Amino acid sequence: MKRTLGTCYYPEHWPEDIWEKDAARMVETGLTWVRIGEFAWGKIEPREGEFHWDWLDRAIDVLGRAGLKVVLGTPTATPPRWVVNKHPDMIAVDVDGKPRKFGSRRHYCFSHEGFSAESRRITEKVAQRYGKNPYVAAWQTDNEYGCHDTVISYSDAARLAFRDWLRNAFNDDIDALNTAWGNVFWSMDYADFDDIDLPNLTVTEPNPAHALAFRRFSSDQVVQFNREQVDIIRAHSDAPISHNYMGRITDFDHYKVGRDLEIATWDSYPLGFLEDRVGADAERQRKYARQGDPDFQAFHHDLYRAVGLGRWWVMEQQPGPVNWAPYNPAPLPGMVRLWTWEAFAHGAEAVCYFRWRQAPFAQEEMHTGMLRPDSADAPAIIEARQVRDELIDAPMVQPAQAPVALIFDYDADWAWTVQPHGAGLSYFGLVFEHYRALRRAGLSVDILPPDTRDFSGYAAVFAPGLMHMPDDLKAALNAADAQVVLGPRSAARDAHFSIPNPLPPAFPDLDVTVTLVESLRPDSPMTLSGGGAFAGYREELSGEAETVMTLTDGRAAVKRAGHVSYVGGWGDDAALERIVAMICQAAGVPVMDLPDGLRTRATATERFWFNHTDSEITFGGRTIPAAGVLREAS
Amino acid sequence: MKRTLGTCYYPEHWPEDIWEKDAARMVETGLTWVRIGEFAWGKIEPREGEFHWDWLDRAIDVLGRAGLKVVLGTPTATPPRWVVNKHPDMIAVDVDGKPRKFGSRRHYCFSHEGFSAESRRITEKVAQRYGKNPYVAAWQTDNEYGCHDTVISYSDAARLAFRDWLRNAFNDDIDALNTAWGNVFWSMDYADFDDIDLPNLTVTEPNPAHALAFRRFSSDQVVQFNREQVDIIRAHSDAPISHNYMGRITDFDHYKVGRDLEIATWDSYPLGFLEDRVGADAERQRKYARQGDPDFQAFHHDLYRAVGLGRWWVMEQQPGPVNWAPYNPAPLPGMVRLWTWEAFAHGAEAVCYFRWRQAPFAQEEMHTGMLRPDSADAPAIIEARQVRDELIDAPMVQPAQAPVALIFDYDADWAWTVQPHGAGLSYFGLVFEHYRALRRAGLSVDILPPDTRDFSGYAAVFAPGLMHMPDDLKAALNAADAQVVLGPRSAARDAHFSIPNPLPPAFPDLDVTVTLVESLRPDSPMTLSGGGAFAGYREELSGEAETVMTLTDGRAAVKRAGHVSYVGGWGDDAALERIVAMICQAAGVPVMDLPDGLRTRATATERFWFNHTDSEITFGGRTIPAAGVLREAS
Amino acid sequence: MKRTLGTCYYPEHWPEDIWEKDAARMVETGLTWVRIGEFAWGKIEPREGEFHWDWLDRAIDVLGRAGLKVVLGTPTATPPRWVVNKHPDMIAVDVDGKPRKFGSRRHYCFSHEGFSAESRRITEKVAQRYGKNPYVAAWQTDNEYGCHDTVISYSDAARLAFRDWLRNAFNDDIDALNTAWGNVFWSMDYADFDDIDLPNLTVTEPNPAHALAFRRFSSDQVVQFNREQVDIIRAHSDAPISHNYMGRITDFDHYKVGRDLEIATWDSYPLGFLEDRVGADAERQRKYARQGDPDFQAFHHDLYRAVGLGRWWVMEQQPGPVNWAPYNPAPLPGMVRLWTWEAFAHGAEAVCYFRWRQAPFAQEEMHTGMLRPDSADAPAIIEARQVRDELIDAPMVQPAQAPVALIFDYDADWAWTVQPHGAGLSYFGLVFEHYRALRRAGLSVDILPPDTRDFSGYAAVFAPGLMHMPDDLKAALNAADAQVVLGPRSAARDAHFSIPNPLPPAFPDLDVTVTLVESLRPDSPMTLSGGGAFAGYREELSGEAETVMTLTDGRAAVKRAGHVSYVGGWGDDAALERIVAMICQAAGVPVMDLPDGLRTRATATERFWFNHTDSEITFGGRTIPAAGVLREAS
Ligand SMILES: [Zn+2]
Ligand SMILES: [Zn+2]
Ligand SMILES: [Zn+2]
């Protein structure tokens, strides 16, 4: 497949007389795509019912006639002031009960029926007008659901909707809810669904079953909100529909949103993310401050390939310093090109740079673009031109199934968040450290949703930390023709967050029982015989399954029966390296031992090498320059 | 006295058909006591006035017939949802003005008259029904007053009650209050008691006299609440009444509550406490992560012996990992036995393990019990059986007065909290560090309430940090036939938190004046000649009393006249060791120099040795195994 | 000019029969000034309209007849309870929407019209009564505007006033505001000024233009509040009027307040400030814990000389340990004298010690005074007497213009606060580090307000971080006969916080363009060729101006054309030392290399040397004792 480039453009920010020149310059830069409109509600409908389409008509026309394909966003991420005036209670409420007011963006609660109606109305208007526009080649719903912690709202609207959601989930049977949640515990039984409040501001922690149900509800509200827009757009347009996700936002189930769409896109800000959400230690943050974490973008690329059912883009690619991280350095020369090729190597159809020209005003005035505010070239555009040139005679990048799979489950992330058991433990962190271990071993990885039942083609499947595992998932993994790695905390809870009996993991044909769990101080890892340690979290394992790795005190660390292994703790880097090596050997998958910061990915047509460090690396006879990319025929 | 074991049981959590088997297994484990009912309001009265006694009748019957003695709790720590629906304003309000909602436990404000009436009503019902039940051998009021920061509430109910409390305290004379508090200072005079607000959300700190009065009021509300339940139970039952206190909760005066009761019980969670409230440094936390602080439990044992006027239990003994600390490791093998014997050595009548079987649901599903959720033995039950066997032919443990006494005063703790003067300084910390120094010296210690006036039998009395000392306490200490140690901050405030004139300590026959006080950066201790330092807090001393210890710059550090010494600073470990040695020498009390983690306690019949480390210790010819207990005839 | 001493006295705190003795003792101590009344509203008017003047009449009379000059404060910093009862909504609201209640001081919102009327009423009453009193030699309006974060209020009153302020600023043209702020960015356009809310509690950051406007408004409210009091006092009295500012309070424009007054006074608490606001690292905090930062007081002295248009005092001089810092140690012997002479060396007319006698009650009972609570001498009075004696035959201290000037701009401080771009970066910090570098070089410094247009007499003018520079300031600096140092971030924003085009700094005759900016992790400074580094913040510079300093990778760090230099980053200590040396060499100003903690200041008549360390220092043949002062004829 031929890969393409694009950018994000805000015609409403610039005098109309420079649109034409901008469009020509985009085309000259080799861009195919231009996303517009996702924050323009106030320009389209400045007062209720008063629509100004003319400027948007002309903008799409100018861009389309220049040869660009338009991705048009529904503008619901930024409801204008008059919408909030009309629905004062549409704003979300934070966990402390404070309103989240107008004055920036995403100021709405997903559960507010009045705002949902406004969302459908404006979506209908936009879809009607541009559904058949020849230049509108794709759609985007809203923008970055969940960014700025906006999935979860403690508003009155959310409270009422949560009660209805529970009523429906429990077939209007309050006793069923009380039993499922164990409300007998502290006399928390409810006589009616209308007794149920949101799980914030309780004296001490709320029932974790209550908290988890609220997170599942909150996710469903996003899915529902998105689906309403999709249904409207589909009625007017045949162009594919996407949503643009933000990195490490796990508060809603992206797979469920993704299944209502044709394309998943995400926002890749490697330097900002390293500072504010990767969770790297200070030394890694220092070392990669101008390159970004070597695995964080790749993880999301592989994740969104799954979310998009194979079709995915980078909709916003960091082009230089951003405005929003604690520290905002400039990338090393070469990194914008590297990030672009890395996305292509992982299967991206398109990479769009955010944004075309740096805005001189408002919240993101310190966010660089492809152009400076004075329209001169910024560094990113130079590297984009290099990619443009390289794409001309590059071979197609054809996807290939990876040898190993890693299951990522949003529900498990909520479960760990509700009950980490040890300070700082997170499901995302656990899965990401497994991903890093696999990537350090030179492996390409497919991320799979938890409802996968067909694992054919994979030599190994890793499923760490999947707190709830339905029986048919256990059965499918048990039947798979692959090495399967479980634990820690796999199948530790039933569907409503109780500990099952028999005790976890209760996996078919695997005689392992977790008899006790403990969380560990960061300064107190438990070492493994042969190297590595369990850090943060450990389980006591009993059962007849073979012990294949032990703590230095002799107790079981990893047990195995047949093709299924159970890991009774959170492995540190060295432990995970050993586990990956052990499993891959059993699976017949060759591994490498990549130097720090070097990563590789195989496609059906080529193998890519990415050097994320600021020094040249030589590995296996190849030399990859600092911040450089090497392509080999595979 | 023969010591006994017990457990905490929640029949309402389990199918009725296993109660019989549970009871038999408890008896087989050597348990005497079983506490029930304290969270069962919702099961007893699921709707207002609709009482379901049958299940509780049967549970008590099953347990009693098996040979167990029941401790029955009043269920007021967990008012059901309908109680809150009936009294929406009964919930407490936090310091920021946020409601502390239904959904966990302890969701009530002690000042709410409507809820107090509900508390009296349900207590009356329970006492009526079970007051003469032969199996109900003891009572517990509510549970863990103050846990989850629940003593202090900034509700409307608290505001009104505080005004009444002040009106009463000042005989309805607002000018007396204004004068006592120094309200002239910033034009804070009140014209009426109804002008007085709660001391939260002020622009900068409130008047410390105002803040201290509010803390005294808040404590009195707990005493009053408890007394109401006690009066009702007494009218129906002859069994002893207890309350179950939580470790390091100092927001109400436990002595005052204790005087209305026959028995004090407390909850001993050594590993959880080390993580979340001991205040140990990181190295100590790491070293004792699986054993708990070597002095923290002993301190509370000695404290609750005083609170219970000699009769006290451990009502909840940690059996394995808990769910609520930042990190929740498993105890070293042997520690459950050690903790049990340690409690007996300090005089506990009974030690009850929390809880019988781990719950598979709700907030504490990760809290281990004596049994696993699947009813298999958990590690704790094995060690409980060992204690059961050891108790059979062990001699009685007979109490003996300790050679040294340490005064602990809740009011002083509030005073330091209101005005620490230096970041991180706390009265509890000061007293606890004195306690540790005494225990490191091998001493048994009696903790005394501040209204003690008879000090006979003690060779030394330590009274650090007692910010307000009434004249008759000064006189009693002055008259005591014991070495008396005062300072820092002793007698530094009058009854309403003003600095007295003459300046502190103004102690009879002791010519010492504190002329200036200063708090010190943690990195800037002031060293003492001969070793040790004052850390955090120091006072400039003048007067004719003999200077017996000096700063390295020659200024007075400790002064003494006759049997009374005044310490002008917060001694670090080395300084406190020297001070204890000096005082004990003067008092004729021999001291030891115990290795780290070894502690001893003498009773009338035996001397106990406890090794809190993970290695064998040899001391004075004895060898005590890791996590081990040694008993010697005394 | 002959320098004078004084103190702050609260006759209302003490029995009237000791006033006479106090006054005599003040005179004996060599004091000239006594400030009274600023917190006495409740004593003057305990109930609305009921005035008690008698005590204040007598107090002024006693003090005046003893020979003291009274500074009389308007009492508006402490409105009595009845004022708040009358205007419940006069209290300020914090950023989270919480009320800032009665119970301490400064509990009013500057925008509340009802309270403003009360302020004018009580000011009128006080001015009427004492305007012609022969003993009232000066006035003080209110006290410490902005202390305890009290400039900014999110109350309803503030919201309404802000809308009016904006309506006025934009000539009632909402489109002008929308354009100036770039509200098109996220559909934030307003249809009406009444749509505009305060910039708190937004989902993510508000528009920085919105946030900056709110800060400007908030400052103007203080100026207006103060001016109302000044106008009233002037109508009744010829005595000079002052306000008493607090250290490092930058939330309002002190220059603007100062221009309505005759004298600026400020509160110098060197030890408290070092702990809570200097921003020194831990090692500096430890080293100077008993002396205070060697540059912080001097900076404020020079600042308030500018604010007071040459006339300034220290109104509250720390005399010993205070009560309000995280740690409150006692000063080294000699420091109270040193601080007093240091203030005189920088031009103070008077230094008044806070307070006469330590209060035994209320919020500041732990704040030392010149006397102990029992009226005995405290250490400070001894050193005050030494200064008294030294003043007798000391020569006059005559001011002299400094060779270098440093511009300090409150508006720039707000701009950096609104948009620091990197965590921890502050304008105050940037300017203060420049000040320190100049002082380390032995230079006397004049601080100038940003509306200075006449720079004659200065050899060098430093203007770092001045985010908005009006064209006439650029022109004046360009025309100045001085070395001019700009950057970083100089002229980076237009008047409404947009990035200008052409890009910054767009300085006449200086071909430098900032093409990209980045913020740096604290562990990642960028080193300069020849020593030093840019830390935290850096700019990419282009243009034809000469590059006079480079990064070690060769890129431009400092560029110069003629007498104007632009520094493209935040220099660390070593870099600033080099820059100061380079500029001073060009300017013909000799520099020194002072040892750590030694500082000097030249006046027209003498040169002063101050040793802020605890060891004797020998420098250039002079020996200055620890905590000592050396005076040389200049
Ligand atoms: Zn974005
Ligand atoms: Zn408990
Ligand atoms: Zn002050």
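Residues numbered from 1 in each chain as written. Chains lettered and ligands numbered in written order. Predicted model: local features only at pLDDT ≥ 70, side-chain atom pairs only at ≥ 80, totals over all residues. Heavy atoms only, no water.

- By the naming in an unreviewed UniProt entry, chain A is Beta-galactosidase, taken from Thalassococcus halodurans.
- The record in UniProt for chain A states the following under Sequence similarities (unreviewed entry): "Belongs to the glycosyl hydrolase 42 family."
- UniProt, in the comment section headed Catalytic activity (unreviewed entry), describes chain A in these words: "Hydrolysis of terminal non-reducing beta-D-galactose residues in beta-D-galactosides." (UniProt positions renumbered as here; feature names shortened; annotations may be inferred.)

## Remarks on the pairing of strand β16 (residues 546–550) of chain B
Strand residues, when the strand is regular, have side chains that alternate between the two faces of the sheet.
Piece 1. Two elements, β16 of chain B and strand β17 (residues 556–561) of chain B, share four bridges in a ladder whose sense is antiparallel. Within β17 of chain B, the position partnered with Thr550 of chain B by the bridge is Ala556 of chain B. (Pairing = 2+ DSSP bridges. Helix = DSSP H or I, 4+ residues; strand = E, 2+ residues; numbered from the N terminus.)

## Digging into unusual backbone geometry
Piece 1. Going from Asn501 of chain A to Pro502 of chain A, the amide bond is cis rather than trans, its omega being 5°.
Piece 2. Mapped onto the elements, Pro502 of chain A comes out in the loop between β12 (483–486) and β13 (513–519).
Piece 3. Each neighbour pair has its own omega, and for Gly487 of chain B with Pro488 of chain B the value is -10°, a cis peptide bond.
Piece 4. Mapping Pro488 of chain B onto the fold places it in the loop between β12 (483–486) and β13 (513–519).
Piece 5. For Arg248 of chain A, which is not a glycine, the phi torsion comes out positive at approximately 45°.
Piece 6. Positionally, Arg248 of chain A belongs in the loop between β5 (241–246) and α9 (254–258).
Piece 7. Taking the relative accessible area as the measure of exposure, Arg248 of chain A reaches 25% and is therefore partly exposed. (Buried < 20%, exposed > 50% of the residue type's maximum accessible area, 1.4 Å probe, protein only.)

## Considering the interface of chain A and chain B
Piece 1. Every contact between the two is made by 46 residues of chain A and, on the other side, 53 residues of chain B.
Piece 2. Regarding the contact of chain A and chain B, the summed buried area is about 4200 Å², with carbon and sulfur atoms giving 58% of it.
Piece 3. Together, Phe185, Trp186 and Val203 of chain A form the three largest contributors to the area buried by chain A at its contact with chain B, with a combined 19%.
Piece 4. On inspection of chain A and its partner chain B, the count reaches four salt bridges.
Piece 5. In this structure, the salt-bridge partner of Glu275 of chain B is Arg521 of chain A, at a minimum N-O distance of 3.0 Å.
Piece 6. The dominant element in the side of chain A that touches chain B, judged by the number of residues it contributes, is β13 of chain A, at six residues.
Piece 7. When its residues are assigned to classes, the side of chain A that touches chain B shows 20 nonpolar, 15 polar and 11 charged. (Contact = heavy atoms within 4.5 Å. Buried area = accessible area lost by both parts, 1.4 Å probe. Salt bridge = Lys/Arg side-chain N within 4 Å of Asp/Glu carboxyl O. Nonpolar A, V, L, I, M, F, W, Y, C, P; charged D, E, K, R; others polar.)

## Thoughts on the relation of the copies chain A and chain B
Piece 1. The operation relating chain A to chain B is a screw motion whose rotation component is 120°, with 0.0 Å of axial translation and a residual RMSD of 0.0 Å. In symmetry terms, the pair is related by a three-fold rotation axis. (Least-squares fit on C-alpha atoms with pLDDT ≥ 70 in both.)

## Some remarks on the domain arrangement of chain A
Residues and elements named next belong to chain A.
Piece 1. Domain boundaries in chain A define domain 1 (4–149 + 223–393), domain 2 (156–210) and domain 3 (404–587).
Piece 2. With centres defined by C-alpha atoms, the gap from domain 2 to domain 3 works out at 31 Å.
Piece 3. Here domain 2 and domain 3 share zero residue pairs in polar contact (both at pLDDT 80 or more) between them.
Piece 4. Going through the elements one at a time, α7 (174–181) and α8 (208–234) are the ones with two or more residues in the side of domain 2 that touches domain 3.
Piece 5. Each residue belonging to the side of domain 2 that touches domain 3 can be placed in one class, and the counts come to five nonpolar, no polar and no charged. (Domains from an automatic or database assignment. Polar contact = N/O pair within 3.5 Å; in protein donor to acceptor, adjacent residues only side chain to side chain.)

## Some points on helix α14 (residues 379–393) of chain A
Piece 1. Every buried residue belonging to α14 of chain A is among Ala380, Ile381, Glu383, Ala384, Arg385, Val387, Arg388 and Leu391 of chain A, and all of these are buried.
Piece 2. Residues of α14 of chain A that are buried sit in contact with β1 (4–8), α1 (19–28), α13 (335–345) and β8 (350–353) of chain A.

## Details of the UniProt feature "binding site: Zn(2+)" (unreviewed entry) in chain A
Residues and elements named next belong to chain A.
Piece 1. When the UniProt feature table is mapped to this numbering, "binding site: Zn(2+)" (unreviewed entry) covers Cys109.
Piece 2. Mapped onto the elements, Cys109 comes out in the loop between α4 (81–86) and α5 (113–130).
Piece 3. Residue class for Cys109 comes out buried when judged on its relative accessible area of 1%.
Piece 4. Apart from the residues within four sequence positions on either side, Cys109 is in contact with Met90, Ile91, Ala92, Ser153, Ser155 and Ala158.

## Describing the sheet that holds strand β17 (residues 556–561) of chain C
Residue and element names in this part refer to chain C.
Piece 1. Taken together, the seven strands give an open sheet; going across it, the order is β10-β9-β11-β12-β18-β17-β16, and neighbouring strands pair in mixed fashion. Two strands bound the open sheet, and with one partner strand each, they are β10 (445–448) and β16 (546–550). The average angle at which neighbouring strand axes cross in this sheet is 20°, direction not considered. (Axes fitted to C-alpha atoms, helices over the stretch in contact; angles between N-to-C directions.)

## Some points on the coordination of the zinc ion (ligand 2)
Residue and element names in this part refer to chain B.
Piece 1. The zinc ion (ligand 2) binds to the protein through Glu144 (OE), Glu316 (OE) and Glu316 (OE), with metal-donor distances spanning 2.1 to 2.6 Å. Placement of the pair is Glu144 in the loop between β4 (136–141) and α6 (156–169) and Glu316 in strand β7 (residues 312–317), with a sequence separation of 172 residues. Side by side, Glu144 and Glu316 carry an identical accessibility label, which is buried. (Donors = N, O, S within 2.8 Å, 3.2 Å for Na, K, Ca; no water.)

## Things to note about the UniProt feature "domain: Beta-galactosidase trimerisation" (unreviewed entry) in chain A
Piece 1. In the numbering adopted here, UniProt assigns the feature "domain: Beta-galactosidase trimerisation" (unreviewed entry) to residues 402–589 of chain A.
Piece 2. Annotation note: span residues 402–589 of chain A, helix share 25%, strand share 28%, distance between end C-alpha atoms 11 Å.

## Overview of the packing of aromatic side chains
Piece 1. Across all of its chains, the model carries 153 aromatic pairs over all chains by this definition.
Piece 2. Seen in terms of ring centroids, Phe408 of chain A and Tyr410 of chain A are 5.1 Å apart; in terms of plane orientation they differ by 90°. Their pairing is edge-to-face. Neither residue differs from the other here; Phe408 of chain A and Tyr410 of chain A are each classed as buried.
Piece 3. Centre to centre, the rings of Trp609 of chain A and Phe619 of chain A are 5.8 Å apart; their planes meet at 50°, and the pair counts as tilted. In this pair, Trp609 of chain A sits in strand β21 (residues 606–611) while Phe619 of chain A sits in strand β22 (residues 617–619), placing the two residues 10 residues apart along the sequence.
Piece 4. Positioned above the aromatic ring of Trp416 of chain C, the side-chain terminus of Arg489 of chain C is 4.8 Å from the ring centre. (Phe/Tyr/Trp six-rings, centres within 6.5 Å; stacked < 30°, edge-to-face > 60°. Lys NZ or Arg CZ within 6 Å of the ring centre and 35° of its normal.)

## Some points on the packing of α5 of chain A against α8 of chain A
Residues and elements named next belong to chain A.
Piece 1. Axis separation between α5 and α8 bottoms out at 9 Å; the angle between their running directions is 25°. On the basis of their axis angle, the class for α5 and α8 is roughly parallel. Once α5 is placed against α8, the crossing between them reads as right-handed. Every residue of α8 that contacts α5 at Phe115, Ser116, Ser119, Arg120, Thr123, Glu124 and Ala127 is listed here: Phe225, Glu228, Gln229, Ile232 and Ile233.
Piece 2. Looking at the contact of α5 with α8 residue by residue, the class counts come to five nonpolar, four polar and three charged. (Parallel < 35°, antiparallel > 145°, perpendicular 65-115°, else oblique. Left-handed = near helix turned anticlockwise from the far one by under 90°.)

## Looking at the environment of Arg631 of chain A
Residue and element names in this part refer to chain A.
Piece 1. Tracing the backbone shows Arg631 in strand β24 (residues 629–633).
Piece 2. Residue classification places Arg631 among the partly exposed residues on the basis of a relative accessible area of 25%.
Piece 3. A C-alpha to C-alpha distance of 47 Å links Arg631 and Asp553, two positions 78 residues apart in sequence.
Piece 4. In terms of polar contacts, Arg631 uses its side chain to reach the side chain of Glu606, at 2.7 Å.

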